[in-house]
Amino acid sequence: MSDEIKKDLNEDLLEESESYPVMPLRNTVLFPQQVIPIYIGRDKSLKLINELPPNSKHIVVVAQEDGSIEDPNPDEMYSFGTLAVVLKVFDMPDNSKSAIVQGIDRVKILDFKEKDPYYRAVVQRMSDTGSADDIELDAMANNLRQVFSELIQVAPNLSEEHTGMLSNIQKPSRLADRAVSLLTVSNPEKQDVLEELDIKTRVEKSIKILTKEIQRIKLGEEIQTEVHDEIAKSQREYYLREQMKAIKRELGEDESQVELKEIEDAIKEAKMPEEAEKVALKELDRLSKIPSQSPEYTVSRTYLDWLTELPWSKTSEDTIDVKDAKSILDEDHYGLEKVKERILEYLAVRALKMEKDPDGAIRGPILCFAGPPGVGKTSLGRSIARSMGREFVRISLGGVRDEAEVRGHRRTYIGALPGRIIQSLKKAGTNNPVFMLDEIDKLGMDFRGDPSSALLEVLDPEQNSTFADHYLEVDFDLSKVMFIATANYQDPIPPALKDRMEIIDFSGYIEDEKVQIAKQHLIPKQLEENGLTKKDVALDDSGIKELIGSYTREAGVRNLEREIANVFRKVARDKIEKDAKKIKVTKKKVSEYLGAPRFYSDLAERTTKPGVVTGLAWTAAGGDILFIEASKMKGKGGLTLTGQLGDVMKESATAAMTYVRSHTDILGFADDFNEKTDIHVHVPAGAIPKDGPSAGVGMFTAIVSLLSGKSVKDKVAMTGEITLRGNVLPIGGVKEKVTAAHRSGIKTIVLPDHNRKDLEDIPEHIKKDLDFHFAKEMMDVIDVAIPGLNGRKKPKKSASKKIKVA
């Protein structure tokens, strides 16, 4: 620096109140003694350069915190900058300017005096702190030079000349500034060094920045080398493979040709339909023209594998012996006579058709087993397959929401696969398996489509002979498949889908059936699983009935099996700990093992009070009895209904009340009884929701009993829907209701006349203990339940029909 400039500088700095022009820099930090070119394009900066006086070209250069800001505010610039002198200014072709500036010293901006036309600020020169003659500082300076020499070896933008420049600088403070100024590091890192006034700390920070830069450059080179090596390796492998192919072609051992020949043979062996074979051969021709390294090759090869591995012509032979099939069904499941009858009918029809036309096609039935959980729907499907000599496949549709799960994905998608129908047929290996669609009532739908709509084609006998999977894009014949769907509830199944299936209701097991199932299936299975034999334990009928009635409440037998397992585990423990011999599990022993009963059956109590009637109900866990209670009080003819009754049940009570009011002359009640009386009908238990029309007869009888003051006959239960004309309409669930009544000690049952046919389903040993009365009209019910009620006034009507089954 010239003596004249130094003199001018010192004179300027003596005047504390004088301000300097401030030039913000976007992406540069200027250090003292550093000379750099500056491109000047912003309006304020151009005005600053143009208005610099010839005799004083000092400015303050300060870096912006964010270089993207066009017109920074004072708080958007760093507080430390560099006092600089403008050495030369050049005009540029685009009316901008370029200037050469040299840093002089560190300054701190104290205050901005002017904003327009450009910033002016009062600054304070910042002196270095710390001793310059420190031995430790000299050592650090030497270390800095050494690290910089190492950086030159790896940095592409530095040369040996820069090392010479640093070797001529003796002062550690200037050495640190110069070293950092030569690096291409971020502005905040450079600014940190500029603002550091302690010489030792500044040198230390400079060494850290240099070391970090060396590590960054070396790491980048390592990554570049690895990438290059990987590319070179891939090229080498490709070259070697091509050489290998050329050698094999010369020897006549081309692998691709062998592979294509194998696929062609597999296509012929699959015995596809003509259309499917045409598509497969066309795809094979396409495959032969695709390089084996291409991703498209794998897609095409996978598609051909699916086509060749499907059972186009593989059919398992059905069992012709109907008796043998029946014995297998009986061996696996107790009861379920309607289902077994339907399967045996199918086998008989197939046997007759095969006698007349061995090559004739017979469509598989499409059944839907509907019933509560645990009644054997899924396991019966496996048993049916075994009795028919067919393969068995099962897919669960619970929670399936994507239509592609049924029909597959199109091959345009990466990782596309056929739907679960085609996948399961490939797994089965034959084109006529027993195919179980489990939980069909739990299908969902969302933006990906509606799987239940896709199943319409699968389960339609008129359409499924040409089932088109999106992946295969050729038709596959599903007409030989025997589809069996299962559902807990029929309501969620779409009507169009339900119409395509033959619904077979599983009503649940009654107590006697559960006892037989436990003896024949559950007890032997649990004996084996718990390491016991018949010599170790015996579970008698009373113990089984206690488990059924007091520890389970279900339509199926899953919980019963768990409770049997629970008992046998305790027996096994007794055998080990107490060295017990054969243990007989009776009703009392069951209570000892399992504790207090969890459930109790409502025993038919003597209804001594008027207004109390025993009704019959159907539940998912079988049948049950319920009590209908009626009470009256002074009022204005209101009818109150409680007990969590549904709309249908409430309407039944209203209809019963209307019939009573419209037939007061026949029943012997005062015509104006309702003007002074409120009636309350309650059906316990209040926490259990109830609905259905079958309680109409019971509600009518309860109201009549209440108003007449006469109690209902002991051990009488009733069920039936009523009309305003006094007719008794049929109801469902007769088998379950009658069984529950028998279990509860009922002796007389009143049923609608139209339900006479349903007695066929009731076991003989239950029928012989009960008196059945069949009512066509509501007065027929009163004859049985409240005999002698105003019989003289009642007009002559059809008497109720009584059946005693002996």
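In this text the structure is predicted, and so the values were computed from the model without any measurement.

Undergrad: Would you explain the overall build of the chain in this entry?
TA: Scanning the chain for helices and strands turns up 28 helices and 25 strands. Since a compact globule built from 806 residues should have a radius of gyration of about 28 Å, the 48 Å found for the chain marks it as more spread out than a globular shape. Seen through its C-alpha atoms, the chain measures out along the principal axes to roughly 145 × 95 × 70 Å. Counting over 806 residues, the chain shows a buried share of 47%. Long-range contacts, defined as pairs at least 24 residues apart, comprise 72% of the intrachain contacts of the chain with a sequence gap of at least 6. Element-wise, carbon and sulfur atoms account for 50% of the exposed surface of the chain, whose accessible area totals about 41,800 Å².

Undergrad: Hey, could you run me through a negative patch on the surface in this one?
TA: On the surface, Glu221, Glu222, Glu226, Asp229 and Glu230 cluster together to form a negatively charged patch. Along the polypeptide, glutamate 230 turns up in helix α7 (residues 199-251). Given a relative accessible area of 49%, glutamate 230 falls into the partly exposed group.

Undergrad: Got a minute to help me understand a nonpolar patch on the surface in this structure?
TA: Residues Leu219, Ile223, Val227 and Ile231 make up a contiguous nonpolar surface patch of about 360 Å² in total accessible area. With respect to the element layout, isoleucine 223 can be found in helix α7.

Undergrad: What am I meant to see in the environment of lysine 113 here?
TA: Summarising the element assignment, lysine 113 is placed in strand β5 (residues 97-114). Between the alpha carbons of lysine 113 and threonine 298 there is a distance of 74 Å; along the sequence they are 185 residues apart. For lysine 113, the contacting residues outside a window of four places in its chain are Ser19, Arg120, Ala121 and Val122.

Undergrad: Would you explain the sheet that holds strand β8 (residues 392-396) in this entry?
TA: By way of backbone hydrogen bonds, the strands of a sheet pair with one another, either parallel or antiparallel. Here we have 5 strands laid out as an open sheet, ordered β8-β9-β12-β7-β13, and parallel in their pairing. Sheet topology places β8 and β13 (502-505) at the edges, where each strand pairs with a single neighbour. Each neighbouring strand pair of the sheet contributes to a mean axis angle of 20°, computed without reference to strand direction. Note that strand β9 (residues 434-438) and strand β12 (residues 482-487) share 4 bridges and pair parallel. Along β12, the bridge assignment pairs valine 434 with methionine 482. Where helix α13 (residues 377-388) meets the sheet, it contacts β7 (366-370), β8, β9 and β12, and its direction lies at approximately 175° from that of β9. Across the sheet, helix α15 (residues 420-428) touches β8 and β9, and the angle it forms with β8 is around 155°.

Undergrad: I would appreciate a short explanation of the confidence of the model for the chain in the present structure.
TA: Segments scoring low in pLDDT should not have their predicted coordinates read at a detailed level. Confidence in the prediction of the chain, expressed as mean pLDDT, is 82, and 91% of residues score 70 or more. Under a pLDDT of 50 for its full length, residues 1-15 has, in the predicted model, 16 contacts with residues more than four places off or in other chains. Contacts of residues 791-806 to residues separated by more than four positions or lying in other chains number 37 contacts, the stretch itself having pLDDT below 50.

Undergrad: Where do I start with the pattern of salt bridges in this structure?
TA: Pairs can form between side chains of opposite charge once their charged atoms are near each other. Scanning all chains against the criterion turns up 42 salt bridges. For aspartate 71, the salt bridge goes to lysine 44, with nearest N and O atoms at 3.4 Å. Of the two residues, aspartate 71 sits in the loop between β3 (58-63) and β4 (80-91) while lysine 44 sits in helix α2 (residues 43-50), which places them 27 residues apart along the sequence. Judged by relative accessible area, which is 43%, aspartate 71 ranks as partly exposed. With a closest N to O distance of 3.8 Å, glutamate 592 and lysine 589 form a salt bridge. Here lysine 589 and glutamate 592 lie together in helix α21 (residues 587-594), a separation of 3 residues that amounts to about one turn.

Undergrad: Explanation requested: the environment of alanine 385 in the structure shown.
TA: If you trace the backbone, alanine 385 turns up in helix α13. The exposure class assigned to alanine 385 is buried, which follows from its relative accessible area of 2%. In sequence terms alanine 385 and isoleucine 366 are 19 residues apart; their C-alpha atoms lie 14 Å from each other. Apart from the residues within four sequence positions on either side, alanine 385 is in contact with Arg390, Glu391, Phe392 and Val434.

Undergrad: Just to check I follow, could you spell out empty space enclosed by the protein for this structure?
TA: In this approach a probe as big as a water molecule rolls over the atoms, and the regions it shows empty are the leftover space. If you walk through the whole model with that rule in mind, you get 3 cavities of 30 Å³ or more. Taken as a whole, the largest cavity spans an internal volume of roughly 60 Å³. Residue composition of the lining of the largest cavity, by class: 3 nonpolar, 3 polar and 3 charged.

Undergrad: Got a minute to help me understand helix α12 (residues 337-356) in this structure?
TA: Think of an α-helix as turning once every 3.6 residues; residues three or four places apart then point the same way. Spanning 20 residues, α12 covers 29 Å between terminal C-alpha atoms, matching the ideal 28 Å at 1.5 Å per step. Among the residues of α12, those classed as buried are Val339, Lys340, Arg342, Ile343, Leu344, Tyr346, Leu347, Arg350 and Ala351. On its buried face, α12 is in contact with α11 (322-332), β7, α13, β12 and β13.

Undergrad: Sorry if this is basic, but what is going on with the packing of aromatic side chains here?
TA: Each aromatic ring pair is summarised here by two numbers: the centre-to-centre distance and the angle between the ring planes. By the definition in use, this model includes 6 aromatic pairs. Centre to centre, the rings of tryptophan 312 and phenylalanine 476 are 4.9 Å apart; their planes meet at 50°, and the pair counts as tilted. With tryptophan 312 in the loop between α10 (295-309) and α11 and phenylalanine 476 in strand β11 (residues 475-476), this residue pair connects regions lying 164 residues apart in the sequence. Each member of the pair, tryptophan 312 as well as phenylalanine 476, is classed as buried. Note on phenylalanine 669 and phenylalanine 673: the rings are 6.2 Å apart at their centroids and 65° apart in plane angle, and the pair reads as edge-to-face. Among the residues examined, phenylalanine 673 registers a relative accessible area of 11% and is labelled buried. Sitting above the plane of the tyrosine 303 ring, arginine 411 keeps its charged end 3.7 Å from the centroid. Here the basic side chain of arginine 756 rests over the ring of phenylalanine 774, its NZ or CZ set 4.5 Å away from the ring centre.

Rules and cut-offs
Residues numbered from 1 in each chain as written. Predicted model: local features only at pLDDT ≥ 70, side-chain atom pairs only at ≥ 80, totals over all residues. Heavy atoms only, no water. Helix = DSSP H or I, 4+ residues; strand = E, 2+ residues; numbered from the N terminus. Rg over C-alpha atoms; globule rule 2.2 N^0.38 Å. Buried < 20%, exposed > 50% of the residue type's maximum accessible area, 1.4 Å probe, protein only. Contact = heavy atoms within 4.5 Å. Areas by Shrake-Rupley, 256 points an atom, 1.4 Å probe, with all protein chains shown as cover. Patch = residues over 30% accessible without salt bridge, like charges linked within 9 Å, V, L, I, M, F, W, Y side chains within 5 Å. Salt bridge = Lys/Arg side-chain N within 4 Å of Asp/Glu carboxyl O. Lys, Arg positive; Asp, Glu negative; His and termini not counted. Charge placed at Lys NZ, Arg CZ, Asp CG, Glu CD. Pairing = 2+ DSSP bridges. Axes fitted to C-alpha atoms, helices over the stretch in contact; angles between N-to-C directions. pLDDT = per-residue confidence, 0-100. 1 Å grid on protein atoms, 1.4 Å probe; cavity = no way out; pocket = protein on both sides within 12 Å on 5 of 7 lines; lining within 4 Å. Points joined across faces, edges and corners; volume = space filled by probe spheres on them. Nonpolar A, V, L, I, M, F, W, Y, C, P; charged D, E, K, R; others polar. Expected span 1.5 Å × (residues − 1). Phe/Tyr/Trp six-rings, centres within 6.5 Å; stacked < 30°, edge-to-face > 60°. Lys NZ or Arg CZ within 6 Å of the ring centre and 35° of its normal.

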